[in-house]
Amino acid sequence: MNWLTQILSISFFNLRALPERKGSALSAAFGIAGVVLVLTAVLAIAEGFKKAVTATGAPDVAVVLRSGSDSEMNSGLSREETRVISDAPGIARGSKGPLTSAELFVIIDLPKRSTGTSANVPLRGVGANAYEVRGNVVLREGRFFEPGKNEVIAGAGAARSFAGLEVGSSIKIGSNTWQVVGIFSAEGGIAESEIWTDASILQPAYKRGDTFQSVYAKLNSPGSFNEFKDALSLNPQLKPKVARLSEFYADQTTMVSDFISQIGVMIAVLMACGALFGALNTMYGAVSSRTREISTLRALGFGSGPVVVSVLVESVVLSLIGGIVGAAIAWIAFDGYQASTLNWATFSQVTFAFAVTPALLVQAIIWSVVLGLLGGVFPAVRAARLPIASALRET
Amino acid sequence: MKFLSLVIGNLKRKKLRTVLTVLSAIVAFLLFGLLCALKEGLLAGVNMADADRLVVRNKITLIQPLPVNYKNRIANIPGVDSVAALTWFGGIYQDPKNFFATMPVDPETFLDVFREYPVSEETKKEWLATRNGAIVGESLMKKFGWKVGDTVPLTSPIWGQPKDQAAWEFKIVGAYESTKKGGDTSSMYFRWDYFDEGKVEQKGLIGWLTIRVKNKDQATAVAKAIDAEFANSPYETVTEGEGAFASSFAQQIGDIGTIVAGVVSAVFFTILLVAGNTMSQSVRERTEEIGVLKAMGFTNGLVLVLVLAESCAIALFGGVVGLALAAAISEANPFATVLPSFNLPHRDLITGVLAALALGMVAGALPAIQAMRLQIATALRRN
């Protein structure tokens, strides 16, 4: 009998005997499933958050703030300055002139649907070109707000997470009432966490005079960014801070995403250790309960290599089952799960969906295989080293 | 106690298995402890909240400011003992990663309202005499290696830099500790007059007010009186208990409680299976022996207790070591920037030990009952 047939026959024999050891086999598989589930779920939070941030910034959109400001909260630009910015080279042009949108960013209180407690929801005043600048704003329900009226449209994430944002309802902010006329989506980006209205209506409501906080600009191409930035920086009328939208949001949210991934890695590493101990226990148990069987095989002429491989195969099959089950549960339970958290840079809520991506699923399965190999290797070596004569005598 | 050696002997039988089982229990309880500490850190504000304190903020949102003269108007409302005005400054030291809670306050009213941060008389005098003086929490001092007397430059993501200067410069006049366990000592408080002069925008406006009421039973009535005082003004207010204020803030960070509970249960379920399975395996292997014990006159009850003792010993040992590790890690606080008060309260330690005991009982129950019901004749005949 050659080596391969030996491996196949022992492995097949072991696997067929698995039902007899249901308890321990299931517990090992469950252990791995638990790890994979937790790991995938936590990484899905980070992944979903990252997706919201990256979907926000197309590479050809730039944002201009006042120099020295880290977020829109502390920026301020006069109307004159926003005009100068709109005239800069590198900006794409639409039917209504350069594709720029001068915007205002304030925060309002709305009750969170899940808890009923109040949350800081961003309210953004945008210019007429805002949709074209972003390029990914799609109306889901209702209509866009009419300029000059107290009307708002709500991002899909905001509408899901916070109460009072249904089309037709109205929200009261201070002494003003605003009608919700539409719900929009923006490919899962941060804009979906926001409520939009006409900037010129927001200015008096928040006593902002004729000022804005940021200018969003659509560039001719991603490569025009440097031209645009240089032109603005050299303009003596301005002291601007120019950033690509994607980088701008990524910078703002590093604190949150670092925190999620730190916690995630900590939990995953610990869980993996726990599962590894469980798998080792199971496989040691499997080997020791079959001591006589294994030595009989050896006595019959089976090599120690095939014995090692067969134990490994069993361990990997068990953890693979566990890994697939865990990943499947994570996918069914958490993919698209809506959550929101606080963006510390602007003190406002960011809504996002957990994203169990195919990459995460593959990663989960690889993890489970690695755990299976690690959990099987020591017991396998032990099985191969069993001295045949004494092992046969063992009860 | 005379059977202790028997229990220990059984545990030593398959050393590797016992060690692995104990290790997995350690991991489970370490995780449990860390997650409790995490939850504690996220809910720190809620737990630290004082029943006789109220928070007054702008009705529109916390971000909208209030006029500074509200402080005096509120101080005159009956039932109000003292009023402190705070504003979120969000100091950054050198690198955006070094971000911590920094707030301009008026030293006297601040120290009066926040009595859990006592400072010495000299520090207080020094602070009142130094315009750019600041008091800094112990853990923040340690983190950056600051000393009293140092001058530190900070910038703010909200307020930028002061007029004509590259950064705000603060002189540390003293360090403060918290008299409450788990209190936040990673913040910095500096003088509002210095801040108001330096900032370019929102002069004369403050972020929110924290109030100490004379009698906590009247807190609700005082809160109503405050909101009524400013109703229909350009700056309407919302006044709520400090706990409610903090918890709405904690909830904004995310529904961490649910996630924590979910993870803990997943871990426990997993470990329970592993430990329970190990226990039943070791009992199954000893069937013959248990038969001998019974033949020697060991009662069914005693056999049950022996098996349970074995599984409880494993679970308790793992639990205690795991919780101790978690306590040590939370003491060192790896998440100091985000969670200033990452600590493991005694309550959770006790819960953890009880959970370990419960784990031992549940995991041992099935094999123990099997052992108890085992017939001597069957057991001895098995092999």
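Predicted model only: the values in this text are computed from it and were never measured. (Residues numbered from 1 in each chain as written. Chains lettered and ligands numbered in written order. Predicted model: local features only at pLDDT ≥ 70, side-chain atom pairs only at ≥ 80, totals over all residues. Heavy atoms only, no water.)

## Notes on the overall build of chain B
What chain B contains, in helices and strands, is 15 helices and 13 strands. Computed over C-alpha atoms, the radius of gyration of chain B comes to 29 Å, more than 25% over the 21 Å expected from 2.2 N^0.38 for 383 residues, which places it beyond the range of a compact globule. Based on the C-alpha atoms only, the size of chain B along its principal axes is roughly 90 × 45 × 35 Å. For chain B, the proportion of its 383 residues judged to be buried stands at 54%. Considering only contacts within chain B whose residues lie at least 6 apart along the sequence, 79% involve residues at least 24 apart. As presented, chain B carries roughly 17,000 Å² of accessible surface, and 59% of it is formed by carbon and sulfur atoms. In chain B, the 38 positive side-chain charges and the 35 negative ones have mean positions that sit 12 Å from each other. (Helix = DSSP H or I, 4+ residues; strand = E, 2+ residues; numbered from the N terminus. Rg over C-alpha atoms; globule rule 2.2 N^0.38 Å. Buried < 20%, exposed > 50% of the residue type's maximum accessible area, 1.4 Å probe, protein only. Contact = heavy atoms within 4.5 Å. Areas by Shrake-Rupley, 256 points an atom, 1.4 Å probe, with all protein chains shown as cover. Lys, Arg positive; Asp, Glu negative; His and termini not counted. Charge placed at Lys NZ, Arg CZ, Asp CG, Glu CD.)

## Notes on the environment of Ala380(A)
All names here are of chain A. Within the fold, Ala-380 resides in helix H11 (residues 358-385). Separated by 356 residues in sequence, Ala-380 and Ser-24 have C-alpha atoms that sit 17 Å apart. Discounting chain neighbours no more than four positions away, the residues touching Ala-380 are Val-308, Val-311 and Leu-312.

## Brief notes about empty space enclosed by the protein
Residue and element names in this part refer to chain A. Under the definition given, this model contains nine cavities of 30 Å³ or more. Approximately 110 Å³ is the volume attributed to the largest cavity. Surrounding the largest cavity, 14 residues form its lining, Thr-56, Arg-134, Asn-136, Ala-191 and Leu-245 being those nearest its centre. Only helix H2 (22-56) and helix H8 (245-289) provide two or more residues apiece to the lining of the largest cavity. Taken together, the residues of the lining of the largest cavity break down into nine nonpolar, two polar and three charged. (1 Å grid on protein atoms, 1.4 Å probe; cavity = no way out; pocket = protein on both sides within 12 Å on 5 of 7 lines; lining within 4 Å. Points joined across faces, edges and corners; volume = space filled by probe spheres on them. Nonpolar A, V, L, I, M, F, W, Y, C, P; charged D, E, K, R; others polar.)

## Topic: the domain arrangement of chain A
Residues and elements named next belong to chain A. The assigned domain composition of chain A is domain 1 (2-54 + 252-392) and domain 2 (68-238). Computed over C-alpha atoms only, the centres of domain 1 and domain 2 are separated by 46 Å. With 13 residues of domain 1 at the contact, the number on the domain 2 side is 20 residues. When domain 1 packs against domain 2, close to 1,200 Å² is buried across both sides, 54% of that on carbon and sulfur atoms. The interface formed by domain 1 and domain 2 contains zero salt bridges. Our count for the domain 1 to domain 2 interface comes out at four residue pairs in polar contact (both at pLDDT 80 or more). For the side of domain 1 that touches domain 2, the elements supplying multiple residues, two or more each, are H2, strand S15 (338-343) and strand S16 (348-353). Take the side of domain 1 that touches domain 2: its biggest share by element is four residues, from S16. Considered class by class, the residues forming the side of domain 1 that touches domain 2 number six nonpolar, seven polar and no charged. (Domains from an automatic or database assignment. Buried area = accessible area lost by both parts, 1.4 Å probe. Salt bridge = Lys/Arg side-chain N within 4 Å of Asp/Glu carboxyl O. Polar contact = N/O pair within 3.5 Å; in protein donor to acceptor, adjacent residues only side chain to side chain.)

## Structural notes on the sheet that holds strand S7 (residues 133-137) of chain B
All names here are of chain B. An order of S6-S10-S7-S9-S8 is seen for the five strands of this open sheet, with the pairing classed as mixed. This sheet does not close on itself; its edge strands, each paired only once, are strand S6 (102-105) and strand S8 (151-154). Looking at each pair of strands side by side, their axes are set apart by 40° on average, direction ignored. Note that S7 and strand S9 (residues 168-176) share five bridges and pair parallel. Across the sheet, the residue bridging to Gly-133 is Lys-171, located in S9. (Pairing = 2+ DSSP bridges. Axes fitted to C-alpha atoms, helices over the stretch in contact; angles between N-to-C directions.)

## Observations concerning the state of the cysteines
Going through the model one piece at a time under the given rule, you end up with zero disulfides over all chains. Just so you know, Cys273(A) is unpaired, no disulfide at all, and the nearest cysteine sulfur is the one on Cys36(B), 19 Å from it. (Disulfide = S-S within 2.5 Å.)

## Some details on the UniProt feature "transmembrane region" (unreviewed entry) in chain B
Residue and element names in this part refer to chain B. Under the local residue numbering, the UniProt record ascribes the feature "transmembrane region" (unreviewed entry) to residues 256-276, 302-329 and 349-372. For residues 302-329, the helix share is 100%, the strand share is 0%, and the end-to-end C-alpha distance is 40 Å. For residues 349-372, helix accounts for 100% and strand for 0%, while the C-alpha atoms at its two ends are 33 Å apart. (UniProt positions renumbered as here; feature names shortened; annotations may be inferred.)

## Focus on the domain arrangement of chain B
All names here are of chain B. Partitioning chain B into domains gives domain 1 (4-44 + 254-382) and domain 2 (48-250). Across the boundary between the two partners, domain 1 contributes 11 residues, which contact 10 residues of domain 2. Between domain 1 and domain 2, the buried area comes to about 750 Å², and carbon and sulfur atoms account for 48% of it. Linking domain 1 to domain 2 there are zero salt bridges. On inspection of domain 1 and its partner domain 2, the count reaches zero residue pairs in polar contact (both at pLDDT 80 or more). Of the residues that constitute the side of domain 1 that touches domain 2, the class distribution is six nonpolar, five polar and no charged.

## A short note on a nonpolar patch on the surface
All names here are of chain B. Taken together, the side chains of Ile-350, Leu-354, Leu-357, Met-361 and Val-362 present a nonpolar region at the surface, about 460 Å² in accessible area. Topologically, Leu-354 is positioned in helix H14 (residues 346-373). Given the relative accessible area of 54%, Leu-354 is considered exposed. (Patch = residues over 30% accessible without salt bridge, like charges linked within 9 Å, V, L, I, M, F, W, Y side chains within 5 Å.)

## Quick word on the pattern of salt bridges
Here the structure, examined in full by the defined rule, presents 28 salt bridges over all chains. A salt bridge links Arg57(B) to Asp109(A); the nearest nitrogen and oxygen atoms lie 2.8 Å apart. Of this pair, Arg57(B) sits in strand S1 (residues 53-58) while Asp109(A) is found in strand S5 (residues 100-111), placing the two residues in two different chains. Assigned by exposure class, Arg57(B) and Asp109(A) land together as buried. For Glu197(B), the salt bridge is made with Arg131(B), and the minimal N-O distance between the two is 3.1 Å. With Glu197(B) in helix H8 (residues 192-198) and Arg131(B) in the loop between helix H6 (121-129) and S7, the pair connects residues that are 66 residues apart, well separated along the chain.

## Let's talk about the packing of helix H10 (residues 304-334) of chain A against H11(A)
Each packed pair of helices is defined by two parameters, the angle between the axes and the distance between the axes. Residue and element names in this part refer to chain A. Interhelical geometry of H10 versus H11 gives an angle of 150° and a closest axis separation of 7 Å. Relative to H11, H10 is oriented roughly antiparallel. Judged by the twist between their axes, the crossing of H10 over H11 is right-handed. Here the contact of H10 with H11 is composed, by residue class, of 19 nonpolar, eight polar and no charged. (Parallel < 35°, antiparallel > 145°, perpendicular 65-115°, else oblique. Left-handed = near helix turned anticlockwise from the far one by under 90°.)

## Focus on helix H1 (residues 3-17) of chain A
Residue and element names in this part refer to chain A. Helix length check: H1 (15 residues) gives 21 Å between terminal C-alpha atoms against 21 Å at 1.5 Å per residue, within 8%. The set of residues buried in H1 consists of Gln-6, Ile-7, Ile-10, Ser-11, Asn-14 and Ala-17. What you see down the axis of H1 is that its buried residues fit within an arc of 125°, all on one side. For H1, exposure combined with an orientation more than 90 degrees from the buried face picks out Leu-4, Leu-8, Phe-12 and Arg-16. (Expected span 1.5 Å × (residues − 1). Arc of directions from axis to C-beta.)

## Brief notes about the pairing of strand S8 (residues 151-155) of chain A
Along any regular strand the residues' side chains alternate between the sheet's two faces. Residue and element names in this part refer to chain A. In terms of burial, S8 is largely enclosed, as five of its five residues are buried. Relative to strand S10 (residues 176-185), S8 runs parallel, the two being bridged by five bridges. Within S10, the position partnered with Ala-154 by the bridge is Ile-183. Note that S8 and strand S11 (residues 195-198) share three bridges and pair antiparallel. Bridge pairing in S11 places Ala-154 opposite Ile-195.

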